[in-house]
Amino acid sequence: MGVKVVKFGGSSLADANQIKKAAAIIQADAQRRYVVPSAPGKRFQEDTKVTDMLYACYELAEKGLDFQRQLEAIQKRYQEIIDGLGMELSLDSEFAEIADHFRKRAGKDYAASRGEYLNGKVIASYLQFPFIDAAEVIFFAPDGSLDDDKTNAVLRGRLAGVDNAVIPGFYGCGADGYVKTFSRGGSDVTGSIVAGAVKASLYENWTDVSGFLVADPRIVENPAVIRTITYTELRELSYMGASVLHEAAIFPVRSAGIPINIRNTNAPDEPGTMIVPESTDEEISAYTITGIAGKKDFTSINIHKDMMNSQIGFCRDVLNVLANHNIPLEHMPSSIDSMTVIVDSSHLKGVEDEIRTEIQKAVQPDTIDTEENIALIAVVGRGMCRTRGVAARIFAALAHARINVRMIDQGSSELNVIVAVKDNDFEQAIRCIYEMFVNSVEG
């Protein structure tokens, strides 16, 4: 029988009612053996996440101010959950220990981690599963990165004789022996680590949406759900700004060939999105494309020089100027006599004139100019390489909306096409591309 690791996000565990839904999901499938909970999230739009409450509480402690009232508000939040679940459970000793550690300035990582720790205690008690403190099984190296070898060895050994367990997300043990957290969204990482350690058949990530969407719902109304996506496509969309899994959550399961299923706690019958190492022809999207994502506020540096192609090291010398200023490159389309480098505008603040001067000195171009307020849009899909006319359809959609394309760039894998437009055309461009590839198919 396969083993499933299930991670629940903060919105899925925000109150007793949501935890009951999560428990029903876990109990509906005996393969769902290991549970990774987040801290309670927002119950309503104006609410505050428990993690943010803990940060604010610890900030008072750091300043030597009285934080008791704020800590009591956090304990009240958990008590409401406990009462709503009809449990006889006291967290008094845990909160007394937290107060003591706050007074001793245990650190922001310790403070933030207590949301997951306490929620893990509650959920383990409710499910009657063993509780395993993540600080005892997940370890960081001295440079702050995950200590994979030690973590896998200890975690695998700890779970070997345990049929079920709750392991709180978001934190582990630092090389100095103190609690250390992942960055925000780190519970995704914990779930992935646990799945890799137990060689799970599936890692289920339960949240408040029914999978990844083809486009940003703030731009496109009711976008379609992506049913199957490869890890490579996911990386492309994530890099271009799509709100997806924590990046570090992909690698432990990808290397082990474990698929991830993004599911909706509030609609558990919906299949969600399956993230797979590779896909079959049957899994190619009906829309040809898999997703659309993008970001604003880039600057293009346009460099022209006759016979540029015959000047050895021309591109290298331009990129060395950027590298000397620690400026990462986004894209670099080029032709026989010109090249364009696109960078995040924020990296050029205060140094743009200096960089232009240095490029002028390094390669003596005929002309060099910059253009600001550029947006990049990535159209991603593993089906694009076997479909004729994808780029033509993108251009046709944008031309019909009278949107001028500033640049086009396509990788050798033909997995994505990136177009640059002006910032003020960004949203309309995404809607036009979505209309061309999705609505026209559904219609």
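Please refer to the structure higher up on the page.
So, a few notes on the structure that sits alongside this text. (Residues numbered from 1 in each chain as written. Predicted model: local features only at pLDDT ≥ 70, side-chain atom pairs only at ≥ 80, totals over all residues. Heavy atoms only, no water.)

**So, the overall build of the protein chain**
- Helix and strand counts for the protein chain come out as 13 helices and 14 strands.
- Within the span of the protein chain, comprising 443 residues, buried residues form 51% of the whole.
- The long-range share in the protein chain, meaning contacts at least 24 apart out of those at least 6 apart in sequence, stands at 74%.
- Carbon and sulfur atoms make up 47% of the accessible area of the protein chain, which totals about 20,300 Å². (Helix = DSSP H or I, 4+ residues; strand = E, 2+ residues; numbered from the N terminus. Buried < 20%, exposed > 50% of the residue type's maximum accessible area, 1.4 Å probe, protein only. Contact = heavy atoms within 4.5 Å. Areas by Shrake-Rupley, 256 points an atom, 1.4 Å probe, with all protein chains shown as cover.)

**Topic: the sheet that holds strand β12 (residues 367–380)**
- Here five strands make up an open sheet; going across it, the order is β11-β10-β12-β14-β13 and the pairing antiparallel. Each edge of the sheet is formed by a strand with only one pairing partner; in this case those strands are β11 (338–344) and β13 (407–410). Across the sheet, the mean angle from the axis of one strand to that of its neighbour is 35 degrees, orientation sign disregarded.
- Strand direction decides the pairing type here: strand β10 (residues 291–304) and β12, joined by eleven bridges, are antiparallel. The residue of β12 that forms the bridge with Ile303 is Ile368. (Pairing = 2+ DSSP bridges. Axes fitted to C-alpha atoms, helices over the stretch in contact; angles between N-to-C directions.)

**Here's the deal with the sheet that holds strand β3 (residues 165–166)**
- The sheet built from seven strands is open, its strands ordered β3-β2-β1-β6-β8-β9-β7 with mixed pairing. The sheet terminates laterally at β3 and β7 (228–230), the two strands that pair on one side only.
- In the packing of helix α8 (residues 231–239) onto the sheet, contacts are made with β7, β8 (260–264) and β9 (273–276), and the angle to β7 comes to roughly 85 degrees.

**Topic: helix α10 (residues 314–324)**
- Within α10 the residues assigned to the buried category are Phe314, Asp317, Val318, Val321 and Leu322. Taken end-on, α10 shows its buried residues confined to a sector of 145 degrees, consistent with a single buried face.
- Backbone geometry just downstream of α10 places Asn326 in the positive-phi region, at approximately 55 degrees. (Arc of directions from axis to C-beta.)

**Observations concerning the environment of Ala391**
- Along the chain, the position of Ala391 falls in helix α12 (residues 390–400).
- In this structure, the C-alpha to C-alpha distance between Ala391 and Val419, residues 28 residues apart in sequence, is 9.7 Å.

**Observations regarding the packing of helix α1 (residues 16–27) against helix α5 (residues 108–127)**
- Across the interface, α1 lies against α5 with an axial gap of 11 Å and an inter-helix angle of 55 degrees. For the element pair α1 / α5, the angle class is oblique. In terms of crossing hand, the pair formed by α1 and α5 is right-handed. For the pair α1 and α5, contact is made by Ile19, Lys20, Ala23, Ile26 and Gln27 and by Asn119, Ile123, Tyr126 and Leu127, respectively.
- Within the contact of α1 with α5, the residues separate by chemical class into six nonpolar, two polar and one charged. (Parallel < 35°, antiparallel > 145°, perpendicular 65-115°, else oblique. Left-handed = near helix turned anticlockwise from the far one by under 90°. Nonpolar A, V, L, I, M, F, W, Y, C, P; charged D, E, K, R; others polar.)

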